Amino acid sequence: QVQLVESGGGLVQAGGSLRLSCAASGSIFRSNTMAWYRQAPGKQREFVARFTSVGLPYYAGSVKGRFTISADNAKNTVYLQMDNLKPEDTAVYYCNADEGSAGDYWGMGTQVTVSS
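Scope of this entry: the structure provided in the associated data block. (Residues numbered from 1 in each chain as written. Predicted model: local features only at pLDDT ≥ 70, side-chain atom pairs only at ≥ 80, totals over all residues. Heavy atoms only, no water.)

### What about the packing of aromatic side chains?
Test applied: Only centres within 6.5 Å qualify two rings of Phe, Tyr or Trp (six-membered ring in Trp) as a pair; their planes then separate them into stacked at under 30 degrees, edge-to-face at over 60, and tilted for everything else. Strands are runs of DSSP state E lasting at least two residues, helices are runs of H or I lasting at least four, and both sets are numbered from the N terminus onward. Charge over a ring is defined by NZ of Lys or CZ of Arg lying within 6 Å of the ring centre and within 35 degrees of the ring normal.
Within the structure shown, the criterion is met by three aromatic pairs. On the basis of an interplanar angle of 75 degrees and a centroid distance of 5.8 Å, the ring pair of Tyr-37 and Phe-47 is categorised as edge-to-face. Remark: Phe-47 occurs in strand β5 (residues 46-51) and Tyr-37 occurs in strand β4 (residues 34-39); sequence separation between them is 10 residues. One aromatic cluster in this structure is built from Tyr-37, Phe-47, Tyr-58 and Trp-106. One residue, Arg-45, lies across the ring of Trp-106, its end atom 4.6 Å from the ring centre.

### Remarks on the nonpolar core
Condition: Throughout this description, the term nonpolar core refers to a set of buried Ala, Val, Leu, Ile, Met, Phe, Trp, Tyr and Cys residues connected via side-chain atoms within 4.5 Å. For every residue, the accessible area obtained with a 1.4 Å probe (protein chains only) is divided by the maximum for its type, and the residue is called buried under 20%, exposed over 50%, and partly exposed between those limits. It only takes one pair of heavy atoms within 4.5 Å for two residues to be counted as in contact.
In terms of nonpolar packing, the biggest core is built from 30 residues, with Leu-4, Trp-36, Leu-80, Met-82 and Tyr-93 touching the most fellow members. Those residues in contact with Met-82, other than ones at most four positions away along the chain, are Gly-16, Ser-17, Leu-18, Leu-20, Arg-66, Phe-67, Tyr-93 and Val-112.

### A short note on the state of the cysteines
The following threshold applies: The disulfide criterion used throughout: a pair of cysteine sulfur atoms within 2.5 Å.
Going through the model one piece at a time under the given rule, you end up with one disulfide. Residue pairing for Cys-22: its cysteine sulfur links by disulfide to Cys-95, the two sulfurs lying 2.0 Å apart. Residues Cys-22 and Cys-95 are joined by a disulfide whose S-S torsion is about -80 degrees; by sign, that bridge is left-handed. Linking Cys-22 in strand β3 (residues 18-25) with Cys-95 in strand β9 (residues 91-98), this pair joins segments that are 73 residues apart in sequence. Residue Cys-22 shares its accessibility class with Cys-95, and that shared class is buried.

### Overview of the pairing of β3
For clarity, the threshold we go by: At least two DSSP bridges between two strands are needed for those strands to be called paired.
Bridge count for strand β1 (residues 3-7) against β3 is five bridges, and the pairing is antiparallel. What sits directly across from Leu-4, in β3, is Ala-24. Looking at chain direction, β3 and strand β8 (residues 77-82) are connected through six bridges and run antiparallel. By the bridge assignment for β8, Cys-22 is matched with Val-78.

### Description of the environment of Asp-83
This is how the line gets drawn: Whenever a nitrogen or oxygen atom comes within 3.5 Å of another N or O atom, the pair is scored as a polar contact, on the condition that within protein one atom can donate a hydrogen and the other can accept it, and that pairs from neighbouring residues in sequence are kept only if both atoms are in side chains.
Its place among the elements puts Asp-83 in the loop between β8 and β9. Asp-83 gets classed as partly exposed once you look at its relative accessible area, which sits at 30%. C-alpha separation for the pair Asp-83 and Ala-23, spaced 60 residues apart in sequence, amounts to 21 Å. Only 2.8 Å separates the side chain of Asp-83 from the side chain of Ser-17, close enough to count as a polar contact. Reaching out from Asp-83, the side chain makes a polar contact with the side chain of Gln-81 at a distance of 2.9 Å.

Structure (structure tokens):
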């Protein structure tokens, strides 16, 4: 069983930055199973960023060049650095761990609100 806890959300003006954290516990941490998703009001949850199977970052087109995913294996934590935020980035951001046959796990989410 994997537990994921997100933090770091908040209210920021357009053009500002936030760094989200996702602390994982309950399993051996492998950054290449981790990803970030988001869900805006009235919309479906969408992919934001993840690590590929070989540990390279991969981004949705809408955030590429502005967001950076990283991991600290010693702390079992994945981060999402978000720069040049836009109002359309407003959403609840979720951390995901896809452990394959061992399960697909989600955190409770953290709210990010970007004002114009």
